[in-house]
Amino acid sequence: MIIGVNNLVKRYGELLAVDHLSFSVKEGEIFGLLGPNGSGKTTVINCILSLLDYDKGEIEIFGKVMSPDAYHIKRDIGIVMQNIAVYNELTVYGNIDYFCGLYINDKALRKKLVEEAIEFTGLSEFTKFYPKKLSGGLLRRLNIACGIAHKPKLIILDEPTVAVDPQSRNKILERIRKLNEQGSTVVYTSHYMEEVEQICTRIMILDRGKAIATGTKDELKAMISLGEKITVESFAITKQQLSDLRKLPGIVSVDYRENKLVIKSGKGKNNLESVLEFFKREKIQFGKIFSELPTLNDVFLEITGKELRD
């Protein structure tokens with residue numbers, strides 16, 4: 001076990017930010033902490049790293065008790081926080097060299113590690129640039145390079161793709177997967193469910209400081225009653241037809257707004273064929289139509305009654 005958190009409680013005055021939280025992270029995982037803004041993700045990370053005092057609980061990393069002065073543990077951890085943490089007066093190379101130097105004293109080894117981090121994050125063309133000259137995506141990649149250059153066993157990434165373009169986001173996610181393949185255990189926090197579904201091997205969904213569900217993405221989706229969701233673009237559906245649609249076998253709900261029809265069915269039900277037959281029988285004209293399986297947002301919505309993006 002790489003991380004063990006037992007009965008963690010953190011309060012800010014009257015606010016209970018982390019509510020008796022327990023979980024573990026196994027070696028080799030990409031463990032996702034998923035939840036809306038304000039759910040407690042960053043507070044949990046800061047408690048794990050002993051950057052925050054907490055009111056109750058026990059935290060172990062690498063099987064050892066974590067504390068603010070546990071430097072023998074911290075040297076094997078890489079941290080990439082959501083706020084960019086680099087020095088504007090240093091170049092790309094200078095920043096990576098500085099942060100790597102906090103862990104690695106040997107100059108020859110440090111030079112090798114810095115060059116590997118630059119190559120890994122795709123910053124070879126920008127080594128002499130200062131941070132203010134970099135795009136948002138390149139700054140995020142520099143932030144990652146500074147956090148992982150010393151080859152840590154555990155890498156914690158807190159919202160590393162905030163405010164970056166889709167292309168940069170994809171490159172960042174690709175590199176996170178590579179870090180994991182190279183042997184690092186990764187803890188990844190986000191409120192972007194698509195990212196977590198894409199890269200995480202196991203996921204914990206947080207809401208108001210509580211773990212409301214934990215498992216693989218398939219295990220999480222199996223917890224809810226929702227099955228297939230069919231979305232149809234249609235411009236002329238009567239109230240009677242909507243009523244008849246709701247009576248089809250396996251249909252859980254039918255919602256029609258702004259010419260978009262959303263039909264949800266129960267778990268294990270495939271109703272696309274019966275919906276198409278209904279449209280043909282009723283001579284309903286429609287445009288685009290597609291079917292999708294439940295998402296992590298559907299899991300969160302069914303469990304908490306609100307959207308994951310709140």
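What counts, and at which threshold
Residues numbered from 1 in each chain as written. Predicted model: local features only at pLDDT ≥ 70, side-chain atom pairs only at ≥ 80, totals over all residues. Heavy atoms only, no water. Pairing = 2+ DSSP bridges. Helix = DSSP H or I, 4+ residues; strand = E, 2+ residues; numbered from the N terminus. Axes fitted to C-alpha atoms, helices over the stretch in contact; angles between N-to-C directions. Contact = heavy atoms within 4.5 Å. Parallel < 35°, antiparallel > 145°, perpendicular 65-115°, else oblique. Left-handed = near helix turned anticlockwise from the far one by under 90°. Nonpolar A, V, L, I, M, F, W, Y, C, P; charged D, E, K, R; others polar. Patch = residues over 30% accessible without salt bridge, like charges linked within 9 Å, V, L, I, M, F, W, Y side chains within 5 Å. Areas by Shrake-Rupley, 256 points an atom, 1.4 Å probe, with all protein chains shown as cover. Salt bridge = Lys/Arg side-chain N within 4 Å of Asp/Glu carboxyl O.

The next subject is the sheet that holds strand β12 (residues 251–257). Overall, antiparallel pairing links the 4 strands, which are arranged β12-β13-β11-β14 in an open sheet. Both outer strands of the open sheet, β12 and β14 (286–292), are each paired with one neighbouring strand and no more. If you compare each strand with its neighbour and ignore which way they point, the axes differ by 15° on average. Both β12 and strand β13 (residues 260–266) contribute to a ladder of 6 bridges, which runs antiparallel. Within the sheet, the bridge partner assigned to Y256 lies in β13 and is L261. Sitting on the sheet, helix α9 (residues 239–246) is in contact with β12 and β13, with an inclination near 155° to β12.

Moving on, we get to the packing of helix α5 (residues 136–148) against helix α6 (residues 166–181). As a packed pair, α5 and α6 sit with axes 9 Å apart at the nearest point and diverge in direction by 15°. When the interaxial angle is binned, α5 and α6 end up roughly parallel. α6 is crossed by α5, and the crossing has right-handed handedness. Together, G137, R140, R141, I144 and I148 of α5 and S168, K171, I172 and L179 of α6 make up the contact between the two elements. By residue class, the composition of the contact of α5 with α6 is 4 nonpolar, 2 polar and 3 charged.

Sheet analysis places strand β1 (residues 3–12) next to strand β2 (residues 15–25), joined by 7 bridges and oriented antiparallel. Bridging from a neighbouring strand, Y12 pairs with L15 of β2.

Moving on: a nonpolar patch on the surface. Side chains of Y87, Y98, L102 and Y103 sit close together on the surface and give an oily, nonpolar patch of about 380 Å² of accessible area. Tracing the backbone shows Y87 in the loop between β6 (77–80) and α3 (92–101).

Note that every value here comes from positions in space, so none of it alone points to a role or purpose.
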